[in-house]
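Secondary and tertiary structure notes
One letter stands for each residue in the lines below.
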Amino acid sequence: MSKSDLLLELYSNLSTTGALTFSSKALVNKMLSYTDIANAKLVVELGGGDGSITQGIMDRLSPDAELMVFEINRSFCDAMEKQFPMPNVQIICDSAENLELYLKGRKVDYVLSSLPFSLISKDATDQILYYTKNSLNEKGKFIQICYSYLLKKLFGKYFSKIETKFTMRNLPPAFVMICH
Ligand SMILES: C[S@@+](CC[C@H](N)C(=O)[O-])C[C@H]1O[C@@H](n2cnc3c(N)ncnc32)[C@H](O)[C@@H]1O
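As the structure is a computational prediction, the values presented were derived from the model and not from experiment.

**What to know about the UniProt feature "domain: Methyltransferase" (unreviewed entry) in the chain**
According to UniProt, the feature "domain: Methyltransferase" (unreviewed entry) maps to residues 43-140 in the numbering used here. A helix fraction of 39% and a strand fraction of 24% characterise residues 43-140, whose end C-alpha atoms lie 10 Å from each other.

Structure representation (structure tokens):
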């Protein structure tokens, strides 16, 4: 899928994608600067989209570590399967609500998300955040890209410490919330 086809898919599904553009490289680098992906064993991404964050993770991930990417849009999943055919990457065309089903009790170093929580139902949001919190290992982090500072309150229901960063180097400018 070309970049313009990916963008068309994004615009055509605004009620589930929640964004007019994909994350910029600067935003992805900022998000990943709060991780140590090179020493991670298992990383989960929620809302893979065009693979912009996925690419940033793969640029840092050790070949013996694993990445699981959840994405509900079939076209995005097909494109990511072509872009990331590596054996240590699993593109899961299913909702992040089902995270626990795929992890089967395994613990995760980082859950990196660009999910549009403002558009996801309360029940689904609670399920995603509950499973995310439960799946992280002791030093694990949940890191979310978002456009509204108000989401901090939501994450505060599940995480005791939340650091908030901001960057203008994205359209629109974005927050990065690092939840421990
Ligand atoms: C704002 S886009 C982000 C895409 C890309 N990761 C980026 O940073 O530009 C959010 C993505 O989350 C996906 N998504 C929405 N709800 C989801 C869910 N419940 N489970 C998994 N993916 C979901 C959408 O299809 C969309 O691709």
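**Let's talk about the pattern of salt bridges**
Tallying each qualifying case throughout the model produces 7 salt bridges. The shortest N-O distance in the salt bridge between Lys-165 and Glu-163 comes to 3.9 Å. On the basis of relative accessible area, Lys-165 is assigned to the partly exposed category, the value being 27%. Accessibility expressed as a relative area gives 27% for Glu-163, which makes it partly exposed. Residues joined in a network through salt bridges with shared partners are Arg-74, Asp-78 and Glu-81.

**A closer look at the environment of Leu-46**
Along the chain, Leu-46 falls in strand β1 (residues 42-46). Taking relative accessible area as the criterion, Leu-46 reaches 0% and is therefore assigned buried. As for Leu-46 and Leu-112, which are separated by 66 residues in sequence, their C-alpha atoms are 6.2 Å apart. In this view, Leu-46 contacts Phe-70, Ala-96, Val-111, Leu-112, Ser-113, Ser-114, Leu-115, Ile-128 and Thr-132; residues no more than four positions away in its chain are not counted.

**Section: unusual backbone geometry**
Here the amide bond leading from Leu-171 into Pro-172 is cis, since omega sits at -5°, within 30 degrees of zero. Residue placement: Pro-172 occurs in the loop between β6 (162-167) and β7 (174-179). Even without being a glycine, Lys-104 presents a positive backbone phi close to 50°. Take Lys-104: it is sitting in the loop between α6 (99-103) and β4 (108-113).

Reading guide: rules and limits
Residues numbered from 1 in each chain as written. Predicted model: local features only at pLDDT ≥ 70, side-chain atom pairs only at ≥ 80, totals over all residues. Heavy atoms only, no water. UniProt positions renumbered as here; feature names shortened; annotations may be inferred. Helix = DSSP H or I, 4+ residues; strand = E, 2+ residues; numbered from the N terminus. Salt bridge = Lys/Arg side-chain N within 4 Å of Asp/Glu carboxyl O. Buried < 20%, exposed > 50% of the residue type's maximum accessible area, 1.4 Å probe, protein only. Contact = heavy atoms within 4.5 Å.

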